[in-house]
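# Per-entry structural report
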Amino acid sequence: MITAKLETTGVSGLCNIRLATMSRGIIRAYGLVEDAVLLIHHGRILWCGEGAELPDEYKSIQLMDGEGRLVTPGFIDCHTHLVFGGDRAREFELRLEGASYEEISRSGGGIRSTVKATRTASEKQLLAEALKRVDHLIAEGVTTLEIKSGYGLDLDTELKMLRVARAIGTERDVLVQTTFLGAHAVPEEFDGRSDAFIDHVVNDMLPRVAGEKLADAVDGFCEGIAFNPAQIERVFAKSKELGLPVKLHAEQLSNLGGAAMAARNGALSADHLEYLDEAGVVTLAECGTVAVLLPGAFYTLREKQYPPISTFRKHNVPIAIATDANPGSSPLTSILLVLNMACTIFRMTPEEALAGVTRNAALALGLGETHGTVEVGKIADLAIWDVREPAELAYRIGFNPLHKRITGSLS
Ligand code: NIG
Ligand code: FE
């Protein structure tokens, strides 16, 4: 057998760190490695493990002293709508006066009001506003970000939103995964003609979006105030034909069987899921679909129905958590607060919450092979924290202990 000579030029590394690999291969909680060393080469993890086990070949490499800090995989916010025009502060006031999210939506507010503002905003304005929100996430250790369209609901504005989302990935040092959410709501001009709107999404929008390579996945909103499972299934069929993976907003306000339908169509994730029943959970488990929970929307809408966390655990469904950053149901751009809310409100453990913004969030984006854990061969996207205990990231409120974010290189 020929062993390749180990390459040490261009290798950089960190020593004296506590490494929460989040890898399933390490039995300890958080996949924790004490007194660890981590080596990076060409943007990937070359080696990681206990410093005492560092192979001789690597001993001459100059290592940066991590001073005992905690290192985790870079955080992944796997569900956001952070490109949008305007704001919905007035809607917040209306809800405080007693109106419900559904009532506001049905009376032309809600998503439709953001659609108006997004259609009139220029690409430049949308980008400038979105970057402010992105910067909040980056400042809290986010290295990968999913961004959905869905506030255009006409071809030009949907394409505009997706171009802005793509531009964020070049304007900032963050990996952006874009999702086409044409089936988010019925726009005013299709009032009462939701099937005709789905025709438009399937026949006109999807081929253009795919043709211009503007989306990495396709999403929809399956709900009484949006689309039924049969309509969404048409969107999924076309997406599959075009080679695009799918995911779905489902069981947020009622149980229509959307999540199970999505899972049967091979969805990467089903998101929200407060009203999901056990049969639906079993279908997610059987199909390998990730449950993405969104505590910011639960909190903002003062939802009473909790997502079925213990049933997810019972059937080993991977759980991811995300900001759902959007102007209506979750005006939230703090991933650290999402960790705290997942534990405080949903009673997830800090380890589950951390897996929710790393390993399982990567799965929800179809990036499980390259992202989400610290393992040899994976992309070296990391966050270095000024804390010792991983649980500190979840239990503190309004405190950001990020020391440094690493995206492929230590320099
Ligand atoms: O994920 N549920 C549907 N879509 C968004 C809300 C969008 C909005 O209210 O503007 C969500 O909560
Ligand atoms: Fe959402």
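Residues numbered from 1 in each chain as written. Chains lettered and ligands numbered in written order. Predicted model: local features only at pLDDT ≥ 70, side-chain atom pairs only at ≥ 80, totals over all residues. Heavy atoms only, no water.

### So, the overall build of the protein
Along the protein, the regular secondary structure elements total 15 helices and 15 strands. Relative to a compact globule of 411 residues, whose C-alpha radius of gyration would be 22 Å, the protein shows 21 Å and is just as compact. Evaluated residue by residue, the protein yields a buried proportion of 58% over its 411 residues. Intrachain contacts of the protein at a sequence separation of at least 6 include 71% that bridge at least 24 residues. If you sum the accessible surface of the protein, you get close to 16,600 Å²; carbon and sulfur atoms cover 51% of it. Counting 41 positive and 54 negative side-chain charges, the protein places the averaged centre of each group 1 Å from the other. (Helix = DSSP H or I, 4+ residues; strand = E, 2+ residues; numbered from the N terminus. Rg over C-alpha atoms; globule rule 2.2 N^0.38 Å. Buried < 20%, exposed > 50% of the residue type's maximum accessible area, 1.4 Å probe, protein only. Contact = heavy atoms within 4.5 Å. Areas by Shrake-Rupley, 256 points an atom, 1.4 Å probe, with all protein chains shown as cover. Lys, Arg positive; Asp, Glu negative; His and termini not counted. Charge placed at Lys NZ, Arg CZ, Asp CG, Glu CD.)

### Concerning the pattern of salt bridges
Opposite charge on two side chains lets them pair, provided their charged atoms get close. With the rule as written, the count across this model stands at 28 salt bridges. A salt bridge links Glu91 to Arg95, with the nearest nitrogen and oxygen atoms 3.2 Å apart. Here Glu91 and its partner Arg95 are both found in helix α1 (residues 89-96), four residues apart, which amounts to about one turn of the helix. The same class applies to Glu91 as to Arg95, namely buried. The shortest N-O distance in the salt bridge between Glu189 and Arg119 comes to 2.8 Å. Of this pair, Glu189 sits in the loop between β8 (175-183) and α6 (194-211) while Arg119 sits in helix α3 (residues 111-120), and the two are 70 residues apart along the sequence. Exposure remark for Glu189: the relative accessible area of 39% places this residue in the partly exposed category. (Salt bridge = Lys/Arg side-chain N within 4 Å of Asp/Glu carboxyl O.)

### Section: empty space enclosed by the protein
Applying the stated criterion to the full structure yields three cavities of 30 Å³ or more. The volume enclosed by the largest cavity comes to roughly 90 Å³. For the lining of the largest cavity, a count of residues per class yields four nonpolar, seven polar and one charged. Of the voids in this model, the second largest cavity is the one considered here, and its volume is about 40 Å³. Around the second largest cavity, the lining residues are Pro73, Gly74, Ile76, Thr143, Thr144, His371, Gly372, Thr373, Ile379 and Asp381. Counted by class, the lining of the second largest cavity contains three nonpolar, six polar and one charged residues. (1 Å grid on protein atoms, 1.4 Å probe; cavity = no way out; pocket = protein on both sides within 12 Å on 5 of 7 lines; lining within 4 Å. Points joined across faces, edges and corners; volume = space filled by probe spheres on them. Nonpolar A, V, L, I, M, F, W, Y, C, P; charged D, E, K, R; others polar.)

### Remarks on the nonpolar core
If you look at the biggest cluster of nonpolar residues, it comprises 103 residues, and the most contacted ones within it are Phe75, Leu82, Ile168, Leu284, Phe312 and Leu339. Dropping the residues within four chain positions of it, Phe312 is found in contact with Leu273, Leu276, Val281, Leu284, Ala291, Leu293, Val317 and Ile319. Counting residues in hydrophobic clusters, the runner-up holds 15 residues, among them Leu19, Ala36, Leu38 and Val374. (Core = buried A, V, L, I, M, F, W, Y, C linked by side-chain atoms within 4.5 Å.)

### Things to note about the sheet that holds strand β9 (residues 217-222)
Strand order across the open sheet formed by eight strands is β6-β7-β8-β9-β10-β11-β12-β13, with parallel pairing between neighbours. Either end of the sheet is taken by a strand with one partner, and the two such strands are β6 (75-77) and β13 (319-321). Adjacent strand axes in the sheet meet at a mean angle of 25°, parallel and antiparallel pairs treated alike. The sheet contact formed by β8 and β9 spans three bridges and is parallel. By the bridge assignment, Ala183 is partnered in β9 with Gly220. Against the sheet, α6 contacts β8 and β9, and its axis sits at roughly 150° relative to β8. (Pairing = 2+ DSSP bridges. Axes fitted to C-alpha atoms, helices over the stretch in contact; angles between N-to-C directions.)

### Let's talk about α3
An α-helical segment advances 3.6 residues per turn. Residues three or four places apart therefore align on the same side. Residues of α3 that are buried: Ile111, Arg112, Thr114, Val115 and Thr118. The buried residues of α3 occupy an angular sector of 155° when the element is viewed end-on, so they sit on one face. Against the buried residues of α3 lie α2 (101-106), α4 (123-138), α5 (155-171) and β9. (Arc of directions from axis to C-beta.)

### Considering the packing of α5 against α6
One can describe the packing of α5 onto α6 by two numbers: an axis separation of 10 Å at closest approach and a directional angle of 30°. As far as their axial angle goes, α6 and α5 are roughly parallel. Considering how the two elements wind past one another, α5 and α6 form a crossing that is right-handed. Counted together, Leu155, Glu158, Leu159 and Leu162 of α5 and Asp204, Met205, Arg208 and Val209 of α6 form the full contact between these two elements. Class assignment for the residues of the contact of α5 with α6 results in five nonpolar, no polar and three charged. (Parallel < 35°, antiparallel > 145°, perpendicular 65-115°, else oblique. Left-handed = near helix turned anticlockwise from the far one by under 90°.)

### Structural notes on the layout of surface pockets
Volume-wise, the largest pocket comes out at about 690 Å³. Lining the largest pocket are 32 residues, with Phe92, Arg95, Thr300, Leu301 and Gly328 sitting closest to its centre. Secondary-structure elements contributing two or more residues to the lining of the largest pocket are α1, α2, α10 (295-300) and α12 (335-344). Residue contributions to the lining of the largest pocket peak at four residues, all from α1. Class assignment for the residues of the lining of the largest pocket results in 16 nonpolar, nine polar and seven charged. Its boundaries defined by the atoms lining it, the second largest pocket holds a volume of some 410 Å³. For the lining of the second largest pocket, a count of residues per class yields 11 nonpolar, four polar and six charged.

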